[in-house]
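Residues per chain are reported as follows:
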Amino acid sequence: MAITDAHFHVGDFPMFGVNLDQAGLAPYLAANDIDTAMVFHQDNAMVQRTIADLPGAHGLYWANPKLGNPVPELRDFLDDPKFRGVKLHPLMDGFHPNDPMVWPVIELLIERGLPALIHCGHPIFSLPWSIEELVVQFPEAKIILGHMGHGNVVYIDASIAIAGRHPNVWLETSGMPMSLKIREAVQKVGSDRVMYGSDGPWHEPKVEQLKVQLAGLEPDDLEAVMNGTAQRLFLGA
């Protein structure tokens, strides 16, 4: 079965003791049976260099609107066919998901038909209900709840409920520890809006894969979550 990883980091994160250098990305993906990966880091130029000649590696532009309007630079990066959307990290970068300074980023993504992957699962800025405000503001946007609530079952249940309320919301599985909630998400939302991500190298990709594989999904649903859904959303495949 092909694997598409919707949530992957490259580079150095010294605050967290996490590092995967540019030269190490290709062998790391191969060692973890990842055919396609959506890769990001705050240094978007470094990501662009890293993925340029690496088959199966695509970029998400890390947008931090607190540093100024990212749209002119974002437009240039999205002109590169290797970049397939945006990563927003309201928790790390310190902004509300529905702050008006975020809106131009979402408007450009709507124009390009590309998704935003948003870190979801921690107070104060990345609670699922806060992201839902953005979802309501932009029903045409394609919004992925990264980690689908992360490690708190209240936030996980809220993320599944939000995806159930809004057809423009997808759920991504990385860092969410409960296989049974992946099965519940597929039952309530559909495998066409649930996708595997590892958050590698923060989490071990093969552990994250096993979590999905043990969720008791039907074969077609498992293929969709592990590969097909992300392929369609990011790459139009």
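Look above for the structure.
Just so we're clear, the structure is a prediction, and the values are computed from it rather than from any experiment.

So, on to the environment of Gln22. Positionally, Gln22 belongs in helix H1 (residues 22-31). What makes Gln22 partly exposed here is its relative accessible area of 39%. The spatial distance from the C-alpha of Gln22 to the C-alpha of Met46 is 8.3 Å, given a sequence separation of 24 residues. What Gln22 contacts, discounting residues up to four positions off in sequence, is Val10, Met46, Arg49 and Thr50.

With that out of the way, let us pick up the side chain of Gln231. Among the structural elements, Gln231 can be located in helix H10 (residues 219-235). Not counting residues up to four positions away in its chain, the partners in contact with Gln231 are Thr4, Thr36, Gly236 and Ala237.

This part is about the packing of helix H9 (residues 205-213) against H10. At their nearest, the axes of H9 and H10 sit 10 Å apart, and the two run at 155° to each other. The angle between the axes of H9 and H10 places the two elements in the roughly antiparallel class. Two packed elements cross with a definite hand, and for H9 against H10 that hand is right-handed. Counting all contacts with H9, which are made through Gln209, Val212 and Gln213, the residues of H10 involved are Leu222, Val225 and Met226. Class assignment of the residues belonging to the contact of H9 with H10 gives a composition of four nonpolar, two polar and no charged.

Let us now look at the pairing of strand S1 (residues 4-9). Counting buried positions along S1 gives six out of six residues, so the element sits mostly inside the fold. Pairing geometry for S1 and strand S4 (residues 36-40), over four bridges, is parallel. Counted as the bridge partner of Thr4 is Thr36 from S4.

With that out of the way, let us pick up the pattern of salt bridges. Per the stated rule, a full pass over the model turns up nine salt bridges. Between Asp157 and Lys181 there is a salt bridge, and its shortest N-O distance comes to 2.6 Å. Separated by 24 residues along the polypeptide, Asp157 in helix H7 (residues 153-165) and Lys181 in helix H8 (residues 179-189) bring together distant segments of the chain. For the salt bridge of Glu208 with Lys211, the shortest nitrogen-to-oxygen distance reads 2.5 Å. Separated by three residues within a single helix, Glu208 and Lys211 lie in helix H9, roughly one turn from each other. Exposure class is identical for Glu208 and Lys211. Each is buried.

Cut-off values and rules
Residues numbered from 1 in each chain as written. Predicted model: local features only at pLDDT ≥ 70, side-chain atom pairs only at ≥ 80, totals over all residues. Heavy atoms only, no water. Helix = DSSP H or I, 4+ residues; strand = E, 2+ residues; numbered from the N terminus. Buried < 20%, exposed > 50% of the residue type's maximum accessible area, 1.4 Å probe, protein only. Contact = heavy atoms within 4.5 Å. Axes fitted to C-alpha atoms, helices over the stretch in contact; angles between N-to-C directions. Parallel < 35°, antiparallel > 145°, perpendicular 65-115°, else oblique. Left-handed = near helix turned anticlockwise from the far one by under 90°. Nonpolar A, V, L, I, M, F, W, Y, C, P; charged D, E, K, R; others polar. Pairing = 2+ DSSP bridges. Salt bridge = Lys/Arg side-chain N within 4 Å of Asp/Glu carboxyl O.

Such coordinate-based values are descriptive only and should not be taken to indicate function.
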